Structures are given as structure tokens and as C-alpha cells.
Amino acid sequence: MKQFSSPTYRLFITLLMVFIHQNTFGQWMRSTVEYSTHLRDHRSINSPALMRLEKGRDILALPLHEESQFVKVWDYQTGKRGFVLSKELVYIDTLAKADLFVPNFQGQIHRKEALLHIENIEEYSIIVEIDQYPYEIAPYKEIKLALPEGQHGIWAYRDGALPFWGDIELKDSSEYIIQIKTTEDEDVIMADIQPVEHVVDTVIVENRYEKTLTFLPKIKIDTTKIVDNKHPQDLEMAQTPFDIRGYVKLNGLYDFHGLARTGGFPPYDIPVGEDNILNPGFYLSARQSRLGISSNILTDQGYIKLFIELDFVGGGNALDYVRLRHAYVQYGYLTVGQTWTTFTDLYSTPLTVDNEGPSSSSSTRQGVIRYEKKVGKSDNEFAISLETPTRNFSDTIAIDQRQLWPDVASRYKITLPRGQIQAAGLFRVLSQHNPDDQVISKIGYGLMISGKNSFKDKHKIYYQIIGGRGVTRYISAFSSYNLDAVASPTNDIYVPFSAGGYFTYEYYFKPNLFLNFVNGVSWIDNAEWQPDHTFEKSYYTSANLFWFPFDRCRTGLSIVQGERFNKDGQRGSAWRFQMYIRYDI
């Protein structure tokens, strides 16, 4: 057999690639991801990322035109569509387009249209697009469409299977059945078509009915005379659609030692010594329900994300006040508004029935101006922010809760194959007036190490260690007790060192049934001159069982135990049973 010489072979391959390149625009191509990347919502690097595409993943790509850096992508394994940089893909071949052969048949019932029955004979829901109009067909169900004469495009697809793509030519006064099915391996969708025959008969139907119409007098309104009362700071007319999200959550608990707070279990409030007695009580409420709105606003410079979230646990234990949890906008790498502090790690926070989570976790929400992005081509994350410097200590000559300088927080997260690890830092300047009306300032700082890891899909661990001076407002166990700094007998301020941490083990019986155990500790350093009854440390332990019985429904049961130790060694313990039932909107 005659062999190609090396230069000839290379020339042949080059010409072939040029031919393929010039004929791919406007055609769906079977492709693979050459470099791990993200599927984006729009043809912009600043647009929201819909999902991560790992190297080697098979997808469908639609090159737009030769000058475009982006291609339209369809991840048929999940059903998501978006855009990816062309240089991050390798094209394999063109997706074969089928022509459904329609037998030369015309029915005896004359009509100016063709009837098309589409049957799904699979156990999965399938989406069928006719002329780009999608119809979702449940398992073993059918839909009936009346279509004009002529050629129609058809797509049939579901998650995890290579879609069917083709054309069908229909004639007036005809009727057909298309059956959608998959191959034996359930990885490729197929379609078959058959005609439907009818027998003509004559039926005379006579209908008679009476209907009384009442006409009301028409009111004429000149819309130019309508008064519009508008303040300069009032809301503008909406220009973008928005999504509503939230859930209804019924929270119940039985407390054995009379702890008043129902939103969380605070070991700081546990009575010690002789005051630590049984004082049981039952509580049931839906105040932890949440409601939020979000919108992705498309501008000439990219997408702006808006999010607002409320719940109903503000004010006090007996008052159902609305509380603002989140209110922020995000443009590219910049986030402005109220949301989670940068000095936290939401990914390493375990799910607990206790709404506030482990007492030693960092879970503060406040005003932020944050720059945050992923580093290079990795999933590692860097963030730095200016944040609300709300002071959390008593000041008899207070100037409200304002401080001279904002808090500065930063974090760096390293993504691992089965988890992540994060380091975060915090810098603060704490200021207050002394009795001589002089401003005294002290430096505060904090450091946090946290992470999460998975093992064999059924085992997960979560951990966090936090410590620093003047950072108690960032630790859940201390956040409401004015412990960032204490006025000293010398008219100075004492900024104590505090620390905390937790470790959680989680086991999955099934994807929707799992159990975790949380153990945490919190500690604060006390000065010699502070009273003996001053809080020194606490322990937190909980066991949480979760069952998600069906889509959008969650249930949880837990038992929580805590201990408090004072400076003089007195201690007290408390127990609580908790549950919740939650249904997402």
C-alpha cells in the first residue's frame, strides 16, 4: 500500500481542518472541553457562570461566526445552555441531522392544517422543540399539535442523552404520530413517525343556548390628567424581570433550662451554679421563614446581579418584625451592599437544625464593599473588602455605633479535588471616648482557618478555627454581648483575645437522608480586675438528622447540649430538642 510522505500527510490534515473550520458555522458540533472552564450566561467574560465544565466533558457547540471568541454551547448531560470561549473546545464532528420520512399520505378529513401527535414512550420526561417552541412531555404521555403545511424543525432532548435533531415535511389534511424513545443504552434519543387513518361519517349536532349580556356605562378617563406623586428617592419603574425565592419554615423546640433565644442555642446564656435548674418550655413558630427577590440586569457593560432577602426574626422574642438579611448588587468582581462578611467560610459551615449554626462559627452579615474573583484558570478564590466597623462593646460616652475606620477583611480559598481549605484575616481599629472626652483607639485583628472534605461520597468533615483580639462580634457565641473591648479601671480600654472552633462529621445513608455531629468550643481571655462571674469559655455539641422526603421539602431533628464556665470556675449546662419542616418556594 502506498504511504503518504510526512509533508504530504501534514498538508492533507491542514486542508481538512480548514475545510471543517469553514463549514462549521451555524451547525451543531459534537465537541469536547480541552481546558476546564465555565459555561456562561452571555457572550462576556463578566457574565454569570452557570456551571463548571471539566476537561474531557462531551458537549454540543454551535460556532457563531469566524470573528466571535465565544461559541454557543449545550451541555446535553444537564440540559444547560450558554457560551464558552472557542479556544477552550475541540470540535469532533458535525451532529448528524435526520430527515423524518413522511409517507405520501393524505387523510379523508379535510382541514387547512396537519395534526401531529408526539408520544413519549420512555420513563423519563423529554422536551420536544417544534420550530424552537419547547414542549415538555411527561413519561408515557403525548401532546397534539396543529401545524401548518410545510417544513418544520424538531429537537428532542433530555438530560444525559444525545439529542435528536431533524426536519419533517407536513401536508394539509394529514395526521401523524411521532414516537420519541432512546437506544438500549439510553444515551441517544430516536424518533419514529407513522400516519393515522380516519373513516368519514356524518353526524348532525344541534346546539341551542341563551345568554344574557349586561352592559355597564363606560367611564372615560384622560390618562394625561392622572397625578403621579413621586419623591426624588422613590423607586423607578421596573425595567427588568425578577425572580422570587424563599421558603416557609416551621421551627419547634423544647428547652430544658429556660434559654430565651429561639433563633439559636447560645451557651453564653446558660445559667451557672445554683441558678442552673430545670425550667422547661415549648416553642413553635414560622418566623424563620424567608422571602427574597433577585434579578440579573443586562447592561452594555455586562450583567448586574441584585438580591434582597428578608426574614421575620427581628425586634425581639415576642415581636414579629421584618429583618433585612441581604441587600446587595454584584457587578463582575465587585459586591456592594449588606451580605455575609468576607471573614467567614460558608462552604465549611455544616447544616444544623439550629438556625445560627455552631456557636463558634463566623456568620456575620453587614455592609461590605468587596472585590472577589477566581485566580487564573483555577477555582481558587481571593477576596478583600471594606466592611461595617460596628463596635461591639459598652461605651458610657458612646457616639452611637460608629467608628473612625472601616474593618478590612480578606480571604484566600484553595479548591481541592474533594473539598477546599481557606485562610482569612481581619484588621480593625477600635475607638471610644474616655471620661476626659478623649478618643482612645486600639488595634484589633483576627485569623481563621477553615475547610471541608469529602470521602467516598458518604463521609464529609467540616472544620473551622478562629482567633484574635477584638473580634467577638464575628464569633456567633459572643456576637450579641458587647465583648470586643471592656473599659478598664485606668480609663483605658481592654481588648481581650478570643478564640473558637468546631469540628463536624457527616454521614449520608442516602442522598436525601444524612446525619451529622457537631462539636465546638469558644474561649475569651479575662483581665485580672474583671469580676469572678465573667464568662470564660463554653462548649457546644449537637446531633442533627435530616431527611428531604421530596423535591423542595426539608425536615430536620436535633438534640443540642451546651456548657458555660465562668472565671471563678462555676459552670452550668443546658439541653434542647429542636425540629423544623421547610418547604421552598
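Residues numbered from 1 in each chain as written. Predicted model: local features only at pLDDT ≥ 70, side-chain atom pairs only at ≥ 80, totals over all residues. Heavy atoms only, no water.

## So, the overall build of the protein
Inference 1: Tallying secondary structure elements over the protein gives one helix and 35 strands in all.
Inference 2: With 585 residues in all, the protein has 42% of them scored as buried.
Inference 3: Here the protein displays about 33,900 Å² of accessible surface, and carbon together with sulfur accounts for 57% of that area. (Helix = DSSP H or I, 4+ residues; strand = E, 2+ residues; numbered from the N terminus. Buried < 20%, exposed > 50% of the residue type's maximum accessible area, 1.4 Å probe, protein only. Areas by Shrake-Rupley, 256 points an atom, 1.4 Å probe, with all protein chains shown as cover.)

## Here we look at the environment of Leu145
Inference 1: With respect to the helices and strands, Leu145 occurs in strand 12 (residues 142-147).
Inference 2: Taking the relative accessible area as the measure of exposure, Leu145 reaches 11% and is therefore buried.
Inference 3: Along the sequence, Leu145 and Glu175 sit 30 residues apart, while their C-alpha atoms lie 9.9 Å from each other.
Inference 4: Ignoring any residue separated from it by four or fewer positions in sequence, one finds Leu145 in contact with Ala114, Leu115, Leu116, Ile118, Ile130 and Tyr135. (Contact = heavy atoms within 4.5 Å.)

## Observations concerning the pattern of salt bridges
Inference 1: Under the definition given, this model contains 23 salt bridges.
Inference 2: Among the ionic pairs, Glu356 bridges to Arg261, the shortest N-O distance being 2.9 Å. Residue Glu356 is found in the loop between strand 22 (334-340) and strand 23 (365-374), and its partner Arg261 is found in the loop between strand 17 (243-255) and strand 18 (281-285); the two are separated by 95 residues along the sequence.
Inference 3: Glu356 gets classed as partly exposed once you look at its relative accessible area, which sits at 32%.
Inference 4: Linked through salt bridges whose partners overlap, the residues forming this network are Arg290, Glu309, Asp311, Arg323 and Arg325. (Salt bridge = Lys/Arg side-chain N within 4 Å of Asp/Glu carboxyl O.)

## A word on the environment of Gly446
Inference 1: By secondary structure assignment, the location of Gly446 is in strand 27 (residues 439-455).
Inference 2: Linking Gly446 and Tyr474, residues 28 residues apart in sequence, is a C-alpha distance of 9.3 Å.
Inference 3: Those residues in contact with Gly446 that lie beyond four places of it in its chain are Phe343, Ala424, Gly425, Leu426, Gly467, Gly468 and Val471.

## Focus: the sheet that holds strand 15 (residues 175-182)
Inference 1: Here four strands make up an open sheet; going across it, the order is 12-9-15-16 and the pairing mixed. Of all the strands in the sheet, the pair left with one neighbour each is strand 12 and strand 16 (189-195). Taken pair by pair, the neighbouring strands of this sheet meet at an average axis angle of 20°, ignoring direction.
Inference 2: The sheet contact formed by strand 15 and strand 16 spans seven bridges and is antiparallel. Residue Lys181 lies in a different strand from strand 16, and its bridge partner there is Met190. (Pairing = 2+ DSSP bridges. Axes fitted to C-alpha atoms, helices over the stretch in contact; angles between N-to-C directions.)

None of this, on its own, says anything about what the molecule does.
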